[in-house]
Amino acid sequence: MKILTNNDMIGMAQVLDVPAVTSLPHLEGLIEKSGSTFTENDTIIVSGSGLGAAADSLSRKNVVYGLTEWADEINQSIAKKITLAVMLGMEIPDYRIVDTMQEMDDLCANGYYPISKNVAIKRTHGLSITVEAFYNYGKFSNYFIRVSGDRLLYGNVGPMVPNALTCTFSMPNAALKPWFQKLAGIISERSPNYKGPVTITGLVFKDSCIYQDIHFGYNYDYELAKHCLCGLGSITNEAKIPKGYATTIRLYDIREEGLRLRGSGKYLFPLHCSADSEKQSIVSTGETPIVAVGLGEKIVTAYNNAYEEIKKVKTQELCYRPDGGRYAVEWWKKAKQAGIL
């Protein structure tokens, strides 16, 4: 197996102990980086933006997961995402595209909800739910609920960052399952060689769903969580799915100061960092040097276990969200009350 990536999925190369084909500077000295050549019949995980054409080309002689040119085009175009959502029978919200954090904050103060750094939708009835399922051979399987806190500070406020907190758990009868079943037919027609995860986020109420996002491909934090929860093979949907919860917490070097990090743990995973010259520690090379994972039979237990891992990191200059359990449990209670779990 090899990983072709220009995003955080480079971290899975370290987790799986496989080579990465990438131009990213992270994980130097911690993973094997190889050139752009691939051996015939390699299994290749493709993740990132603009790599769809390469994925299609590689799929002629290799087994490729995570991207096709068609899926890549949808990922990069709000218009194409909305067109796909309409084809699925989803309702389209009033949305706004912004350029600055101040514009986003102004919209949020006036009844909008951020779904990315640049896009906000008008708040409406229904509870937001994110579901990931694995597509292969014309159908979806292994539905997971994903709960994410995408703000840097306690209480889900402050600057937006990807996956400050995440909680992942299996849910065979997910509320968005009818829309996945419709999507399976469209993928079979438009991009039959696609294999990999697909994520739909929507506001669900009764038999309707308001579109928030559709994304094809891998998300590092959730793949990391699933790997720890399910074991080897989860990345290609070949692992047994157990009960329980897997959480991640990102540790931030906000000023990107090149911090020297010591300490290690079974569920601490380097990401935006590299080995120092003597390979006695690691040095941060970006915003998220380390991701901590916690497992548990309850959400709070899983988050508490992740925070116990964080205590093993000796560098105090790193910061992180301290309210993972509270944030995810609040969502869980609302979801149960709304009848979507």
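Our subject is the structure that appears above.
Structural notes, computed from the coordinates. Residue positions within a chain follow its written sequence, with the count starting from 1. Totals for whole chains, interfaces and linings use every residue, but because this is a predicted model, local features are given only for residues with pLDDT of at least 70 and side-chain atom pairs only at 80 or more, for both listing and counting. Values reported for side chains reflect all heavy atoms of the structure, with hydrogen atoms and water molecules removed beforehand.

**Focus on the overall build of the chain**
Our working definition: Under the scheme used here, helices are H or I runs from DSSP no shorter than 4 residues and strands are E runs no shorter than 2 residues, and both carry numbers assigned from the N terminus. In this setup the radius of gyration rests on C-alpha atoms only. A globule is expected at 2.2 Å times the number of residues raised to 0.38. Relative accessibility under 20% of the residue-type maximum defines a buried residue, over 50% an exposed one, and the middle range a partly exposed one, all with a 1.4 Å probe and only protein chains included. By definition in these notes, contact holds between two residues if any of their heavy atoms fall within 4.5 Å. The convention is simple: Lys and Arg are positive, Asp and Glu are negative, and His and the chain ends are not counted. Charge positions are represented by NZ for Lys, CZ for Arg, CG for Asp and CD for Glu.
Within the chain one finds 9 helices and 18 strands. Over its C-alpha trace the chain gives a radius of gyration of 19 Å, about what one expects of a compact globule, namely 20 Å for 341 residues. Each principal axis of the C-alpha distribution contributes one length, and for the chain these read about 60 × 50 × 40 Å. Looking at the 341 residues of the chain, the share that counts as buried comes to 55%. The contacts of the chain with a sequence gap of at least 6 include a subset with a gap of at least 24, amounting to 62%. Both charge centroids of the chain, one from 36 positive and one from 36 negative side chains, sit 7 Å from each other.

**As for the packing of helix H8 (residues 299-310) against helix H9 (residues 324-338)**
Between two packed helices, both the angle of their axes relative to each other and the distance between the axes serve to describe the pair. This is how it is decided: Whenever a helix is involved, its axis is fitted only over the stretch in contact; in every case the axis is a line through C-alpha atoms, and angles between N-to-C directions fall within 0 to 180 degrees. For this classification, under 35 degrees means roughly parallel, over 145 means roughly antiparallel, 65 to 115 means roughly perpendicular, and everything else is oblique. By convention the crossing between two helices is left-handed if the near helix lies anticlockwise of the far one by an angle smaller than a right angle, and right-handed if it lies clockwise.
Axis separation between H8 and H9 bottoms out at 8 Å; the angle between their running directions is 160°. In terms of orientation, H8 lies roughly antiparallel with respect to H9. As H8 packs across H9, the resulting crossing turns out to be right-handed. Listed contacts from H9 to Ile-299, Val-300, Tyr-303 and Tyr-307 of H8 are Gly-324, Gly-325, Ala-328, Val-329 and Trp-332.

**Some remarks on the environment of His-227**
Structurally, the position occupied by His-227 is in helix H7 (residues 220-230). The sequence separation of His-227 and Leu-251 amounts to 24 residues, and the corresponding C-alpha distance is 19 Å. Not counting residues up to four positions away in its chain, the partners in contact with His-227 are Met-12, Val-15, Leu-16, Leu-232 and Ser-234.

**Regarding the sheet that holds strand S17 (residues 282-284)**
What counts is decided by this rule: Two strands qualify as a pair provided DSSP detects at least 2 bridges between them.
An order of S14-S17-S16 is seen for the 3 strands of this open sheet, with the pairing classed as antiparallel. Every interior strand has two partners, whereas the edge strands, strand S14 (260-261) and strand S16 (273-275), have only one. Relative to S17, S16 runs antiparallel, the two being bridged by 3 bridges. Following the sheet pairing, Ala-275 is matched in S17 by Ile-282.

**Details of the nonpolar core**
As a reminder, the rule being used: Only buried Ala, Val, Leu, Ile, Met, Phe, Trp, Tyr and Cys residues count toward a nonpolar core, and they belong to the same one when joined by side-chain atoms within 4.5 Å.
Ranked by size, the top nonpolar core spans 95 residues in total, and within it Phe-140, Leu-183 and Phe-216 carry the most contacts. If sequence neighbours within four positions are ignored, Phe-216 has contacts with Gly-66, Leu-67, Trp-70, Ala-71, Ile-74, Asn-75, Leu-84, Leu-183, Ile-187, Tyr-194, Pro-197 and Val-198. Formed by 6 residues, the second largest nonpolar core is a distinct cluster that contains Leu-229, Cys-230, Ala-239 and Ala-246.

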